Amino acid sequence: NARGILNANSKNVILNNPLIEVEVIFAEGKSKHHSLKNASLIFSPYSVNDSLEKLSVISIIQECTYKILQEEELPLIYSELIKVLKALKEGKTHPYQILITYIMQVLKIAGTSFEVNECIYCSTKNNIVDFSFIDGGFVCKDCIIDLTNKYFSSNQMFLIRSLILFNNYEQQSKYF
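Criteria and thresholds
- Counting from 1, residues in each chain are numbered in the order their sequence is written.
- Given that the model is predicted, a residue must reach a pLDDT of at least 70 before its local features are reported, and side-chain atom pairs must reach 80 or more before they are shown or counted; all residues, however, enter totals for whole chains, interfaces and linings.
- To get the side-chain values, take all heavy atoms of the structure and skip hydrogens and water.
- Put simply, DSSP H or I for four residues or longer makes a helix, DSSP E for two residues or longer makes a strand, and each gets a number counted from the N terminus.
- Accessible area is worked out with a 1.4 Å probe on protein chains only. A residue is then buried under 20% of its type maximum, exposed over 50%, and partly exposed in between.
- Only strands that DSSP links by at least two bridges are regarded as paired with each other.
- Within this document, salt bridges are pairs made up of a side-chain nitrogen of Lys or Arg and a carboxyl oxygen of Asp or Glu, the two lying within 4 Å of each other.
- A pair of cysteine sulfur atoms is labelled a disulfide when the two atoms are within 2.5 Å.
- Put simply, a nonpolar core is a bunch of buried Ala, Val, Leu, Ile, Met, Phe, Trp, Tyr and Cys residues held in one set by side-chain atoms that sit within 4.5 Å of each other.
- Pairs of residues are marked as contacts when any of their non-hydrogen atoms sit within 4.5 Å.
- A cavity, in this analysis, means grid points on a 1 Å lattice covering only the protein atoms where a 1.4 Å probe fits yet has no way out; a pocket is instead an open set bounded by protein on both sides within 12 Å along at least five of seven lines, and a residue lines either one if it has an atom within 4 Å of a point.
- Grid points are joined across faces, edges and corners, and a volume is the space filled by probe spheres set on the points.
- Note on residue classes: Ala, Val, Leu, Ile, Met, Phe, Trp, Tyr, Cys and Pro are nonpolar, Asp, Glu, Lys and Arg are charged, and everything else, Gly too, is polar.

Caption draft 1: Seen up close, unusual backbone geometry. Even without being a glycine, Leu 19 presents a positive backbone phi close to 65 degrees. Examined against the element boundaries, Leu 19 turns out to sit in the segment before strand E1 (21-28). If you check the backbone angles, Ser 123 has positive phi at about 70 degrees while not being a glycine. For Ser 123, a relative accessible area of 41% translates into the label partly exposed.

Caption draft 2: Region of interest: the pairing of strand E2 (residues 34-43). Inspection of the sheet shows E1 paired to E2 by eight bridges, in the antiparallel sense. Note that in E2 the partner of Glu 21 across the bridge is Phe 43. Where E1 folds back on E2, the antiparallel hairpin that results is connected by five residues.

Caption draft 3: Highlighting the pattern of salt bridges. Under the counting rule described, the total for this entry stands at two salt bridges. Close ionic contact of Asp 50 with Lys 54 constitutes a salt bridge, the shortest N to O distance being 3.2 Å. A salt bridge links Lys 83 to Glu 80; its shortest N-O distance comes to 3.6 Å. With Lys 83 and Glu 80 both in helix H2 (residues 74-90) and three residues apart, the pair spans about one turn of that helix. Residue Lys 83 is classed as partly exposed on the basis of its relative accessible area, which comes to 41%. Residue Glu 80 is classed as buried on the basis of its relative accessible area, which comes to 9%.

Caption draft 4: Region of the structure containing the state of the cysteines. By the definition in use, this model includes zero disulfides. The thiol of Cys 119 is unpaired, and the distance to the nearest cysteine sulfur, on Cys 140, comes to 3.8 Å. Considering cysteine sulfurs only, Cys 140 is the nearest to Cys 143, which forms no disulfide, with 3.6 Å between them.

Caption draft 5: A look at the nonpolar core. Counting residues in each nonpolar core, the largest one holds 18 residues, and the members touching the most others are Ile 61, Leu 81, Val 84 and Tyr 102. Of all the secondary-structure elements, those providing two or more residues to this core are helix H1 (52-68), H2 and helix H3 (95-109). Among the elements that line this core, the one with the most residues is H2, at six residues. In this view, Tyr 102 contacts Ile 61, Cys 64, Thr 65, Ile 77, Glu 80, Leu 81, Val 84 and Tyr 169; residues no more than four positions away in its chain are not counted.

Caption draft 6: How the structure looks around the layout of surface pockets. For the second largest pocket, the calculated volume is near 220 Å³. Lining of the second largest pocket is provided by Pro 18, Leu 19, Ile 20, Glu 21, Thr 65, Tyr 66, Leu 74, Ile 77, Tyr 78, Leu 81, Ile 82 and Leu 85. Considering every element that reaches the lining of the second largest pocket, the biggest residue donor is H2, with six residues. Classifying every residue of the lining of the second largest pocket gives ten nonpolar, one polar and one charged.

What follows is the structure, encoded as structure tokens:
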């Protein structure tokens, strides 16, 4: 039982913030249920002067975690979620790079991955000219249907590849 936590004056109002880490203490109540005695903040991804951009990224991280993953997959992303939120708080890496890298990790756990080492059709590693989200990876010059509909530049494909293969939130990419 946690009465009054929705009240702005509650000592435990901090529990209303998503993606925070807290230590809670319960006490035996007069009824058969335990009552929340105290909640202490361990970690919060939020800071007083956060930009709208950073707050939006935190919100998208929360939404993609809960909307993409099944309930039984959530424990598998926990350590990654802690890492991404700490990287965002440190602010050394662009928030969008952190977000995209995290989304790629969520997609892997959900069973979706992209082939970024070779062509998805013929497995060649040469003459890669485009990336297809729909088909699931890189496409070579021989397998692309219409070269005029090429969507990504070489630099963008390199960025996609590095974000999919590399899950280091602290290393800033030169493309952001």
